[in-house]
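Coordinates in review
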Amino acid sequence: MTSRPELKAPPEIFYNDEEARKYTSSSRIIEIQAQLTERALELLALPDDGVPKLLLDIGCGSGLSGETLTESGHQWIGFDISPSMLDVALEREAEGDLILGDMGQGLGVRPGVIDGAISISAVQWLCNADKSCHEPRKRLKSFFESLYRCLARGARAVFQVYPENLAQRELILGYAMRAGFAGGVVVDFPHSAKRRKEYLVLTCGPPSLSSATPKAKGEDEESCSDEESSGDEENQTVSISDRHRPRKKQKLNKKVKGREWVLRKKEQMRRKGNAVPQDTKYTARKRKARF
Amino acid sequence: MRLLTHNMLSSNIKGVTNGFPLRIEVEKVVEKSVDFNPDFLKNMLAKIEYKALVEASRIMGYAELPDHAEPSMLESDDFLRKFHHALMELHLEEGTLVCPQTGRKFPVNKGVPNMLLHEDEV
């Protein structure tokens, strides 16, 4: 049995009255949603000038995330596809405006007016094809393009997502990049199965200092690259005698890219969110001469 | 739905080039008082399509807004109050939003506009 709601039913059906009710009665869900929103808001890095901003909450659901936005003094507009969840939001007297809409159809918002966007556990729904007319790639494309249009220049969008696997994360990130966003994934508590949370931090406009991906929480000194540093001592590839080789081949050999180059490229691909094999002492090692 | 949101929304139907502003057909308007925040309003004036806001507020039965807004008017408390009232406090509770180009109607129930598109409109 799977516990992923995405695999059970389309969002407008899964979040029925009964499921929506949980979002008012379960203090655990409420607390988690509030925490996720707070962290998303932190990653949004809005200027600290005390002026309320106009934010979008995509997949606002019952308005739990919106409550946190209201508490920090911002105005927000929420999109959701589930009428039941929006009913709960109305009951909770959410301060922001609610819109029944499908993010995969694009957000019908005027260009350049929004100061930031957050989305808590919603974007992964786009990867599902729940109707015959749904094409996840098209839906991702129209979502990110419409979002890019409506954000002001330099504005950020932070999406907390639960990607099912690496391929899905890559898919989402790939379409965000194609729409023109700069940014990457921030993984909080990468070593904990329960507390691990992934945030897509996207910035509108070309990459710059301000668009550098913020640091994740609970990440101890890049433990994933620990092995790599220990392997650094044997950084030099084993040299083999080239005496018997013809001159031409010797020259060609000099152009071969070394371990450092390979490590750098792998790091680059990792930053893009691609699946990259881990760095070991075998990385970019030269083959034996007899091979 | 506040007029702030109405001012941000445009019709998203495939092939529509000018989906803004959505025409409002009013059935019920409610007023909810919201805290007055001049900083936010000053920030918003540049982003708002002022003409559309004036038209929308007249349809909603509030005719106090001047026809044109200039940056100098931001100093006047009187204008800011009116602007605040039109933008933040007038809610379209029941009614319809109509796409200006295709005439497609988006119903508004309990203050929530239904912007879901049909398959052939995407």
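A brief structural summary.

Criteria and cut-off values
Residues numbered from 1 in each chain as written. Chains lettered and ligands numbered in written order. Predicted model: local features only at pLDDT ≥ 70, side-chain atom pairs only at ≥ 80, totals over all residues. Heavy atoms only, no water. Helix = DSSP H or I, 4+ residues; strand = E, 2+ residues; numbered from the N terminus. Rg over C-alpha atoms; globule rule 2.2 N^0.38 Å. Buried < 20%, exposed > 50% of the residue type's maximum accessible area, 1.4 Å probe, protein only. Contact = heavy atoms within 4.5 Å. Areas by Shrake-Rupley, 256 points an atom, 1.4 Å probe, with all protein chains shown as cover. Lys, Arg positive; Asp, Glu negative; His and termini not counted. Charge placed at Lys NZ, Arg CZ, Asp CG, Glu CD. Salt bridge = Lys/Arg side-chain N within 4 Å of Asp/Glu carboxyl O. Patch = residues over 30% accessible without salt bridge, like charges linked within 9 Å, V, L, I, M, F, W, Y side chains within 5 Å. Phe/Tyr/Trp six-rings, centres within 6.5 Å; stacked < 30°, edge-to-face > 60°. Lys NZ or Arg CZ within 6 Å of the ring centre and 35° of its normal. Pairing = 2+ DSSP bridges. Right-handed = clockwise from strand over helix to strand, strands pointing away. Core = buried A, V, L, I, M, F, W, Y, C linked by side-chain atoms within 4.5 Å.

Below, the discussion takes up the overall build of chain B. Per the secondary structure count, chain B includes 4 helices and 4 strands. Moving toward the C terminus, one meets the helices and strands of chain B in the order α-β-α-α-α-β-β-β. Against the 2.2 N^0.38 benchmark of 14 Å for 122 residues, chain B shows a C-alpha radius of gyration of 15 Å, consistent with a compact globule. Dimensions along the principal axes, computed over C-alpha positions, put chain B at roughly 50 × 30 × 20 Å. Looking at chain B residue by residue over its 122 residues, the buried ones come to 50%. Restricting to contacts in chain B with at least 6 residues of sequence separation, those with at least 24 account for 65%. For chain B, the accessible surface area stands at approximately 5900 Å², while carbon and sulfur atoms represent 46% of it. Computing the positive centroid from 14 side-chain charges and the negative centroid from 19, chain B places the two 3 Å apart.

The next point concerns the pattern of salt bridges. Oppositely charged side chains can pair when the atoms bearing their charge come close. Residues and elements named next belong to chain A. Within this structure, the stated rule accounts for 21 salt bridges over all chains. With its nearest N and O atoms 3.1 Å apart, the salt bridge here joins Asp102 to Arg139. Residue Asp102 is located in the loop between β3 (97–100) and β4 (114–120), and its partner Arg139 is located in helix α6 (residues 136–150); the two are separated by 37 residues in the primary sequence. Owing to a relative accessible area of 11%, Arg139 belongs among the buried residues under this scheme. In this structure, Arg196 and Glu198 form a salt bridge, with 2.8 Å as the shortest nitrogen-oxygen distance. Among the charged side chains, a salt-bridge network with shared partners connects Lys266, Glu267, Arg270 and Asp279.

Side chains of Lys257, Arg264, Lys265 and Lys272 of chain A sit close together on the surface and give a patch of like positive charge. Mapped onto the elements of the fold, Lys257 of chain A is located in the loop between α9 (247–254) and α10 (259–271).

Next up on the list: the packing of aromatic side chains. Counted by the stated rule, this structure contains 11 aromatic pairs over all chains. Residues Phe143 of chain A and Phe159 of chain A carry aromatic rings whose centres are separated by 5.8 Å and whose planes lie at 45 degrees to one another, so their mutual orientation is tilted. A residue pair is termed long-range when its members are at least 10 positions apart, and Phe143 of chain A in helix α6 and Phe159 of chain A in strand β5 (residues 151–161) qualify at 16 residues. Considered together, Phe143 of chain A and Phe159 of chain A belong to a single accessibility category, that of buried residues. Ring plane angle 10 degrees and centroid distance 5.7 Å describe the contact between Phe79 of chain B and Phe83 of chain B, whose orientation is recorded as stacked. Of this pair, Phe79 of chain B and Phe83 of chain B are both found in helix α4 (residues 77–89), 4 residues apart, which corresponds to roughly one turn of the helix. Judged by its relative accessible area of 4%, Phe79 of chain B is buried. Phe83 of chain B gets classed as buried once you look at its relative accessible area, which sits at 0%. Through a chain of ring-to-ring contacts, the aromatic side chains of Phe143, Phe144, Tyr148, Phe159 and Phe181 of chain A assemble into a single cluster. Across from the ring centre of Tyr175 of chain A, 4.5 Å away, lies the NZ or CZ of Arg178 of chain A, which sits over that ring. A cation over an aromatic ring shows up here: Arg195 of chain A above the ring of Phe189 of chain A, its NZ or CZ 3.9 Å from the ring centre.

A word on the pairing of β5 of chain A. All names here are of chain A. The buried fraction of β5 is high, at 9 of 11 residues. Relative to β5, β4 runs parallel, the two being bridged by 6 bridges. Its bridge partner being in β5, Ile114 is matched across the sheet by Leu151. Crossover β4 to β5 through α6 is right-handed. Relative to strand β7 (residues 197–203), β5 runs antiparallel, the two being bridged by 6 bridges. Bridge pairing in β7 links Val158 to Val201.

Moving on, we get to the nonpolar core. Inside soluble globular proteins, nonpolar side chains tend to come together where they are buried. Ranked by size, the top nonpolar core spans 84 residues in total, and within it Phe143, Phe144, Leu147 and Phe159 of chain A together with Leu97 of chain B carry the most contacts. Counting 21 residues, the second largest nonpolar core, distinct from the first, contains Leu43, Leu55, Leu100 and Val201 of chain A.

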